[in-house]
Amino acid sequence: MPKFVLGNISRLIIHSIGNKSTADGVRLCDELSNYENVEETLNKLITSNFKFDELYQFHFFPDLALNPVYTIIKAMFEYTDIDDFINQSKNMGRYLYEKSNHPQIKAGELSVFNLADCTVDDEIVDCIGIFKSENKQKILKVEDKQTGYDLADIEGLSIHKLDKGCLIFNLHKEQGYLVAIVDNTNRRAEAKYWTDDFLSIRPINNDYHQTTHIMESAKQFIAQTIDADDEASKSEKIGLLNRSVDYFKNNEQFDLQQFEQQVFAQDDLIQKYQDFSQNYAQENQLEPVRNFDISPKAVKKQEKYFKSVVKLDKNFHIYIHGGKDMIEKGRDEDGRKFYKIYYQEEN
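K.L.:
For this particular structure, what's the right way to read the overall build of the chain?
P.N.:
Scanning the chain from terminus to terminus reveals nine helices and 17 strands. Residue burial in the chain is summarised as follows: out of 347 residues, 41% are buried. Look at the contacts in the chain between residues 6 or more apart in sequence, and 65% of them connect residues 24 or more apart. Of the roughly 21100 Å² of accessible surface on the chain, a fraction of 45% belongs to carbon and sulfur atoms.

K.L.:
How should I be thinking about the nonpolar core in this particular structure?
P.N.:
One recurring pattern in soluble globular proteins is that nonpolar side chains are buried together. Counting residues in each nonpolar core, the largest one holds 32 residues, and the members touching the most others are F58, I73 and I168. Counting residues in each nonpolar core, the second largest holds 26 residues, with I9, I46, F52 and V120 among its members.

K.L.:
Can you walk me through the environment of T41 in this structure?
P.N.:
In this fold, T41 is placed in helix α1 (residues 39–49). Residue classification places T41 among the partly exposed residues on the basis of a relative accessible area of 36%. In the structure, T41 is positioned 118 residues away from I159 in sequence and 7.0 Å away in space, judged by C-alpha atoms.

K.L.:
How do you make sense of the side chain of Q210 when you look at a structure like this?
P.N.:
On the secondary structure map, Q210 appears in helix α5 (residues 207–228). Once you skip the residues sitting within four places of it in the chain, Q210 turns out to touch N205, V289 and F292.

Thresholds applied
Residues numbered from 1 in each chain as written. Predicted model: local features only at pLDDT ≥ 70, side-chain atom pairs only at ≥ 80, totals over all residues. Heavy atoms only, no water. Helix = DSSP H or I, 4+ residues; strand = E, 2+ residues; numbered from the N terminus. Buried < 20%, exposed > 50% of the residue type's maximum accessible area, 1.4 Å probe, protein only. Contact = heavy atoms within 4.5 Å. Areas by Shrake-Rupley, 256 points an atom, 1.4 Å probe, with all protein chains shown as cover. Core = buried A, V, L, I, M, F, W, Y, C linked by side-chain atoms within 4.5 Å.

Put into structure tokens, the structure is as follows:
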């Protein structure tokens, strides 16, 4: 995983981008924005919002060179005078407006900026940043009067959280650059206009990406296959989920054959998983992998999605962390369902 140190903003321009489906239009500015009084706040906003665990690159079918944002960014890196920067930022605003055609997309300000002297693994590189502000926050302003104080509410941009943003580092140009993203408002399918329709980016196939997708495919397989089997109990399903997580937590290297044996054990279940993972890789356009370094950050993020609890009506929750041989499921003579739990010590 590369190590990133961000530089400071060296130029910034802001445009207003509406929703095309309601014919809001755009306001494209001809001059750089003055940010001198808030430079420190802006730099903190950018530094605190971007994480570099999962990285992306531009792509486009049938050719990367046809990706409009990639083309604009490439021109910005190659032609560095202010007029070129302003004109290319306008092109970016026009293109974003073309992609803002879903009724749920909010109007907002598009900020385009340079970060000078960023460091990626000890290499000094330039960076172009983009963020779009969609949600305004209200704050109370205290107004000083001779006879006392008044309060007024004013609306503005958050100084703590970006709505949507990306940083593009001038590295690996032929592969689509090195891109980090923020998307805090992407909660619906139609909101993917930022990453899919506008930027057209895809994850870089690194350790974080591979760990995430193997864990996700295992979770989906267990949920879909085991739920479809009438003879398999919830406790058996949870046992498989726990063994999956334990494998990733207890190993530094992933080995596909070892993972299948330790988690699924039975030949018929292993074969079902192999068939499922092959379909999963094809549907998600993933390259098959058998070995890679496990990313602890990806494991920590994915672990919370592996539930280890059996919910019984509204009365009881049983948390299971392994040892399915210590649990029996049955039904008494009156037809009532039960779990019988064996243990050695009570803590």
